[in-house]
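# Structure at a glance
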Amino acid sequence: MKVLVTGSDGFLGRHAARRFTRDGHDVTGVDIKTGHDCRDVYASATRYDIVLHFAAVVGGRATIDNHPLTVAQSLALDAALFDYAVRTKPAHVLYPSSSAAYPVSLQRTDHHRRLRETDINLATPALPDAMYGWVKLTGEQMAARARQCGANIHVIRPMSGYGTDQDTTYPFGAFVERARRKTDPFPIWGTGLQVRDWVHVDDITDTIAAAIDQDVPHPVNVGTGIPTDFLTLARLVSQAHGYRPRLDPQPTQPTGVAWRVADITNQIHTPRVDLLDGINRTR
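Computed from a prediction, not measured in an experiment: that's the story for all the values here. (Residues numbered from 1 in each chain as written. Predicted model: local features only at pLDDT ≥ 70, side-chain atom pairs only at ≥ 80, totals over all residues. Heavy atoms only, no water.)

Counted by the stated rule, this structure contains 6 aromatic pairs. With a centroid separation of 5.4 Å and 55 degrees between ring planes, the pair formed by Phe82 and Tyr95 is classed as tilted. Residue Phe82 is located in helix 5 (residues 74-88), and its partner Tyr95 is located in strand 4 (residues 92-96); the two are separated by 13 residues in the primary sequence. A single burial state applies to Phe82 and to Tyr95, both of which are buried. Consider the rings of Phe175 and Phe230, whose centres lie 6.2 Å apart with planes at 85 degrees: the pair is edge-to-face. Taken together, the positions of Phe175 in helix 7 (residues 171-180) and Phe230 in helix 9 (residues 230-240) put the pair 55 residues apart, joining distant regions of the chain. Like Phe230, Phe175 is buried. (Phe/Tyr/Trp six-rings, centres within 6.5 Å; stacked < 30°, edge-to-face > 60°. Helix = DSSP H or I, 4+ residues; strand = E, 2+ residues; numbered from the N terminus. Buried < 20%, exposed > 50% of the residue type's maximum accessible area, 1.4 Å probe, protein only.)

Turning next to the sheet that holds strand 13 (residues 259-260). Read from one edge to the other, the open sheet built from 3 strands follows the order 11-8-13, with strand pairing classed as mixed. Two strands lie at the open edges of the sheet, namely strand 11 (228-229) and strand 13, each paired on one side alone. As paired elements, strand 8 (residues 195-196) and strand 11 share 2 bridges and run antiparallel to each other. By the bridge assignment, Val195 is partnered in strand 11 with Asp229. (Pairing = 2+ DSSP bridges.)

Let's shift gears to helix 8 (residues 201-213). Between its first and last C-alpha atoms helix 8 spans 18 Å; for 13 residues at 1.5 Å apiece the expected length is 18 Å, and the two agree. Among the 13 residues of helix 8, 11 are classified as buried, and the element is accordingly described as predominantly covered. If you check which residues of helix 8 are buried, you get Val201, Asp203, Ile204, Thr205, Asp206, Thr207, Ile208, Ala209, Ala210, Ala211 and Ile212. Looking one or two residues beyond helix 8, the residue adopting positive phi is Asp215, at roughly 50 degrees. (Expected span 1.5 Å × (residues − 1).)

Right under this line is the structure:
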């Protein structure tokens, strides 16, 4: 099949491009970093069989908390995607939403549980995590309208994706870089007690392939269902790199929600890479 991957130089984009190339598809990558704006493709009549939309204004928690209007620019890219999808009708369009779209009321220290796909009601959306969460909720709203207009959209909600080559603006990438340099003390934004569901990028791309192969019409979580706090992650990463630093929580730095873990009851792919395996791959 002819596959378009936008944001193909980014973390998820490049892994998805490799996965679909390995599967024998004819993959075209588009990324603003190489001077190719996805909106130029979306404005055209060129039709692809599969569109994987990873083009976005990206950054870690510092960008989410400190530059919300920068994050909001992704809305223009998403709107262009869905207009294109309705006009050209690819066989499959993949829209990566996010666990940030879930209500923050379910992710507090004093009140949390595993997040279910049904916790998001697009008719009456609850407060998501920051502007980034609103961007993804709006993207899901547009996806639902595009489906009503005949476009075949698949929506995934990844938890905390990670991998060996992740950028250092994200926690896992930053932790690996510190461990490789044997940083001591080892800084951790927040108290270190904030909990996440760490899912390897290989399992995210496997889920994307499964969503397309199974023609899944509804949003699906991508996660392991296993809670791991940042202090534990830092210990595991540093131990894998052969040392035991003093951990240095920094409560004044951006932290996000207190507890974010997926309910995996409706998963369409069973994760293959556990956290220890994923960490050991970074050595």
